[in-house]
Amino acid sequence: MNTYPPQPVTFVRGEGSRLWDDQGRRYLDFLSGLAVTSLGHSHPAVAAALCTQASTLLHVSNLYGTEPQRDVAATLDRLVGGGGRVFFCNSGAEANECAVKLARKWGGRGKFAVVSAYGSFHGRTLATLHATGNPAKHEPFQPLPEGFRHVAWQDVDALAAAINPSVAAVLLEPVQGEGGVNPATAEYFQAVRRLCDERGVLFMVDEVQTGLGRTGRWFGFQHLGVQPDVVTVAKALGNGVPIGACWAREAVADVFEPGDHATTFGGQPLATAAARAVLAVMEAEDVPARAEARGAYLVRALEAIPGVRAVRGAGLLVAAELDGPVAKQVAAGALDGGLVVNPVTDTALRLAPSLLVTEAEIDEAVTILTGAIGAVIAPRGTVDAPQAR
Ligand code: PLP
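As a convention, each chain's residues are numbered from 1 in the sequence order in which they are written. This being a predicted model, a pLDDT of at least 70 is required before a residue's local features are given, and a value of 80 or more before pairs of side-chain atoms are given or counted; all residues contribute to the totals for chains, interfaces and linings. To obtain the side-chain values, all non-hydrogen atoms of the structure were included, while hydrogens and water were left out.

1. Side note on the overall build of the protein
- In this description a helix means any DSSP run of H or I spanning at least four residues, a strand means any run of E spanning at least two, and both kinds are numbered starting from the N terminus. Helices and strands together make up the secondary structure of the protein, namely 13 helices and 17 strands.
- Here the C-alpha atoms of the protein give a radius of gyration of 21 Å, agreeing with the 21 Å that 2.2 N^0.38 yields for 389 residues.
- Projected onto its principal axes, the C-alpha positions of the protein cover 60 × 55 × 40 Å.
- In this scheme, a residue with accessible area under 20% of its type's maximum is buried, one over 50% is exposed, and one in between is partly exposed, where area comes from a 1.4 Å probe on protein chains only. Sorting the 389 residues of the protein into buried and exposed places 53% on the buried side.
- Summed over all atoms, the accessible surface of the protein reaches about 17,100 Å², with 54% contributed by carbon and sulfur. Here the globule rule is a power law, 2.2 Å times the number of residues to the power 0.38, and the radius of gyration is based on C-alpha atoms. A 1.4 Å probe and the Shrake-Rupley method give the accessible areas. Residues count as covered only by the protein chains that appear here.

2. Description of the site of the ligand
- If even one non-hydrogen atom of a residue comes within 4 Å of a molecule or strand, that residue is called near it. Taken together, the neighbourhood of the ligand is formed by 13 residues, with Gly-92, Ala-93, Asp-206, Gln-209 and Lys-235 sitting nearest.
- Each polar contact in these results corresponds to two N or O atoms within 3.5 Å; when the atoms are within protein, one needs to be able to donate a hydrogen and the other to accept it, and residues that are neighboring in sequence are counted only if both atoms are side-chain atoms. One nitrogen or oxygen atom from the main chain of Phe-121 is found 3.3 Å from a nitrogen atom belonging to the ligand.
- Between an oxygen atom of the ligand and a side-chain N or O atom of Lys-235, the distance comes to 3.0 Å.
- The greatest single-element share of the shell around the ligand, amounting to three residues, is contributed by helix α4 (residues 92-107).
- Looking at the shell around the ligand residue by residue, the class counts come to three nonpolar, six polar and four charged. Each residue gets one of three labels, nonpolar for Ala, Val, Leu, Ile, Met, Phe, Trp, Tyr, Cys and Pro, charged for Asp, Glu, Lys and Arg, and polar for the others, Gly among them.

3. Overview of the domain arrangement of the protein
- Segmentation of the protein into domains returns domain 1 (11-30 + 286-380) and domain 2 (45-285).
- As annotated, the domain borders come from an automatic or database domain assignment. For domain 1 and domain 2, the distance between their C-alpha centroids amounts to 27 Å.
- Accessible-area loss on putting two parts together, using a 1.4 Å probe and summing over both, is the definition of buried area adopted here. Across the domain 1 to domain 2 interface the summed buried area is about 1,600 Å²; carbon plus sulfur atoms make up 58%.
- By definition here, a salt bridge exists when the distance from a side-chain nitrogen of Lys or Arg to a carboxyl oxygen of Asp or Glu is within 4 Å. Our count for the contact surface shared by domain 1 and domain 2 stands at two salt bridges.
- The salt bridge involving Arg-350 is made with Glu-178; its shortest N-O contact spans 2.6 Å.
- In this assembly, domain 1 and domain 2 are joined by 12 residue pairs in polar contact (both at pLDDT 80 or more).
- For the side of domain 1 that touches domain 2, the secondary structure elements donating two or more residues are α11 (287-303), β13 (308-314) and β14 (317-322).
- Here the element with the most residues in the side of domain 1 that touches domain 2 is α11; it accounts for five residues.
- Across the side of domain 1 that touches domain 2, the residue classes break down as 13 nonpolar, four polar and five charged.

4. So, the packing of aromatic side chains
- Two rings from Phe, Tyr or Trp (for Trp, the six-membered ring) form a pair when their centres are within 6.5 Å of each other. A pair whose planes differ by under 30 degrees is stacked, one over 60 is edge-to-face, and the rest are tilted. Counting across every chain of the model gives five aromatic pairs.
- Considering the side-chain rings of Phe-11 and Tyr-27, the 5.2 Å spacing of their centres and the 90 degrees angle between planes classify their relative orientation as edge-to-face. Residue Phe-11 is found in strand β1 (residues 11-15), and its partner Tyr-27 is found in strand β3 (residues 26-29); the two are separated by 16 residues along the sequence.
- On the basis of relative accessibility, which here comes to 34%, the residue Phe-11 falls in the partly exposed class.

5. Considerations on the pairing of strand β2 (residues 18-21)
- Residues Arg-18 and Trp-20 of β2 are buried on one face, and the alternating residues Leu-19 and Asp-21, pointing to the opposite face, are buried as well.
- The turn linking β1 back onto β2 is made up of two residues, and Gly-16 within it adopts a positive phi angle of 60 degrees.
- In this structure, β2 lies alongside β3, joined through three bridges in antiparallel fashion. Along β3, the bridge assignment pairs Leu-19 with Tyr-27.
- Only strands joined by at least two bridges in the DSSP assignment are considered to pair. Remark: four residues form the turn of the hairpin made by β2 and β3, two consecutive strands paired antiparallel; Gly-24 in that turn has positive phi of roughly 85 degrees.

6. As for the environment of Val-287
- For Val-287, the location among the structural elements is in helix α11.
- A residue is classified by how much of its surface remains accessible, and Val-287, at 0% relative accessible area, is buried.
- Once the C-alpha coordinates of Val-287 and Ser-32 are considered, the two residues, 255 residues apart in sequence, prove to be 15 Å apart.
- Among all residues touching Val-287, those that are not within four sequence positions of it are Leu-39, Leu-212, Gly-213, Trp-218, Met-282, Leu-355 and Leu-356. Only heavy atoms enter the contact rule, under which two residues are in contact if any of them lie within 4.5 Å.

7. Points about the environment of Leu-34
- Note that Leu-34 resides in helix α1 (residues 32-35).
- Residue Leu-34 is classed as partly exposed on the basis of its relative accessible area of 36%.
- Distance from Leu-34 to Gly-24, taken between C-alpha atoms, is 23 Å for residues 10 residues apart in sequence.
- Aside from chain neighbours lying at most four places away, what touches Leu-34 is Lys-235 and Arg-350.

8. Concerning the layout of surface pockets
- Counted as a void, the second largest pocket has a volume near 800 Å³.
- Taken together, 30 residues form the lining of the second largest pocket, with Gln-69, Val-86, Phe-87, Phe-88 and His-261 sitting closest to its centre. Buriedness of a pocket was judged along seven lines, with at least five required to meet protein on both sides within 12 Å; pockets are open sets of points on a 1 Å grid over the protein atoms alone, cavities are sets where a 1.4 Å probe fits but cannot get out, and lining residues have an atom within 4 Å of a point. Grid points are joined across faces, edges and corners, and a volume is the space filled by probe spheres set on the points.

Given below as structure tokens:
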């Protein structure tokens, strides 16, 4: 269906940070399928796990146990901080749907609302679309499920005013990804945690884009000095194989009883075998430390590009703010030059390379980007007027 703009390139193969198109052209991938292929393309350990699992056991449903699912739940719980339980699903939106249902069951009758921030992104299902703080996106799909409210990002007073007795949970990203790569401050997250404790409300953190090493810690909230009640993950967990998960501390998770929530495919052996291999490689390679070091290197290099006004983000989730509303033009020029990046706003490019990216690959990407920015933004720092055709 017509849900995406025309696709400029058809990719046929990937390896590490590299992609090849159907014309045989080679690209550097600094988007990672929207922060998904955190170990790069075609990682041999993930490919081997998929092949082995495909010829061992592909599916039995969640009426029965499987070993990869049990192992992934244990590792996720340990990385989040322990003391919780996990529900597996197939995407980030489904992980947040699970969180919303859990909050409603935990809250009980009359205590059901979820407060999230303007500029947030939580998914495209009807409930997660309403949780997403972008009213323009809601309009064509009204009426949306009730029970969602939005407050200004990083405004504690606005949040305090929005939490009335009908509110069950607050849902926030540690770095707003789709909203333009806007990191939360530790002061804000700690104030939210205190507010949630005072008012008896769950603090749910959406780590779908930020989770699993991307920000320089296993989870974005771990920079911010809080422990959430609920954490959702997806994207990087399967390195390209669809899988999502909702973690909740045990006392919250335990409100779900058999029959409250379910999925045919969620947590099935192929997806969890991939996730088990992903997590093993991530731990062996210490991807949070790599993301922190390579992220700092990338930020320094981006800041030196003429036409880049500011750089923000955490670890290897980075936005370069440009001198003017030219992000689309620059991203198109970069693609022509062999670099995949994403115009996350009119004025900002998002970069989310593999967490195993090398400094040489960063240097190469920055050279391509410097050319692409220079071609659109004149040396004096002003945007070239579009030429009449
Ligand atoms: N939450 C966040 C923070 C995201 O960035 C995204 C996707 O970009 C989602 C949820 C939705 O995930 P999915 O597209 O897998 O449903």
